[in-house]
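Now for the letters of each chain:
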Amino acid sequence: MDADAETHPPGPPRVELLTREGCHLCATARQTVSEVAGRLGVAWEERRIDEDPDLLARHAEEIPVLLVDGVPRDFWVVDPVRLERLLTS
């Protein structure tokens, strides 16, 4: 298997934004992901870590967390330029 296939699985990227209730950074990250993913036609999902004890234990101090294909790519602030590069590479 070639190395690119491992880091860039076939098909559209899977984008998840991990958030918490009442998080002001999460609101900003949500807007950034919505704008960039929407412009590129990429679906994304928001998951609240408050509802998942494992995610809460792993990411309580890093929220929001942007995952692309299951890999954490940004936390606290989602960089729109980096996100676009990740979704178009």
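Here is what the cut-offs are and how they apply
Residues numbered from 1 in each chain as written. Predicted model: local features only at pLDDT ≥ 70, side-chain atom pairs only at ≥ 80, totals over all residues. Heavy atoms only, no water. Pairing = 2+ DSSP bridges. Helix = DSSP H or I, 4+ residues; strand = E, 2+ residues; numbered from the N terminus. Disulfide = S-S within 2.5 Å. Buried < 20%, exposed > 50% of the residue type's maximum accessible area, 1.4 Å probe, protein only. Core = buried A, V, L, I, M, F, W, Y, C linked by side-chain atoms within 4.5 Å. Contact = heavy atoms within 4.5 Å. Expected span 1.5 Å × (residues − 1). Arc of directions from axis to C-beta. Polar contact = N/O pair within 3.5 Å; in protein donor to acceptor, adjacent residues only side chain to side chain.

(A) Fine view of the pairing of strand β4 (residues 71-75). By the bridge criterion, four bridges tie strand β3 (residues 65-68) to β4 in an arrangement that is antiparallel. Its bridge partner being in β4, V65 is matched across the sheet by F75. The turn joining β3 and β4, which pair antiparallel and follow one another in sequence, is formed by two residues; a positive phi near 55 degrees is taken by D69.

(B) Seen up close, the state of the cysteines. Throughout the structure, instances matching the rule amount to one disulfide. One disulfide in the model links C23 with C26; its S-S distance is 2.4 Å. Around the S-S axis, the bridge from C23 to C26 shows a dihedral of about 80 degrees and counts as right-handed. Accessibility classification places C23 together with C26 in one group, the buried group.

(C) Just the nonpolar core, in detail. In this structure, V15, V33, L66, V78, L83 and L87 are the most contacted members of the largest nonpolar core, which totals 13 residues. Those elements that provide at least two residues to this core are β1 (15-19), α2 (24-40), β3 and α4 (80-88). Every residue in contact with V15, bar those within four places of it in the chain, is listed here: V33, V42, A43, W44, E45, L66, L67 and L87. Counting eight residues, the second-largest nonpolar core is a separate cluster that includes L18, L55, I63 and L67.

(D) Focus on α2. Counted at 1.5 Å a residue, the expected span for α2 with its 17 residues is 24 Å, and the 25 Å between its end C-alpha atoms agrees. For α2, the elements touching its buried residues are β1, β2 (44-48), β3 and α4. A positive phi of about 70 degrees marks G41, the residue just after α2.

(E) Up close: the side chain of T32. Within the secondary structure, T32 sits in helix α2. Its relative accessible area of 14% is what places T32 among the buried residues. Leave out the neighbours within four places in its chain, and T32 touches V78, P80 and L83.

(F) Fine view of α4. Within α4 the residues assigned to the buried category are L83, L86 and L87. Buried residues in α4, looked at end-on, bunch into an arc of 95 degrees, giving them a common side. With respect to the buried face of α4, the exposed residues turned more than 90 degrees away are V81, R85 and T88. Residues of α4 that are buried in the fold lie against β1, α2, β3 and β4. Capping the start of α4 is the job of one residue whose side-chain oxygen sits 2.9 Å from the backbone nitrogen of V81: D79.

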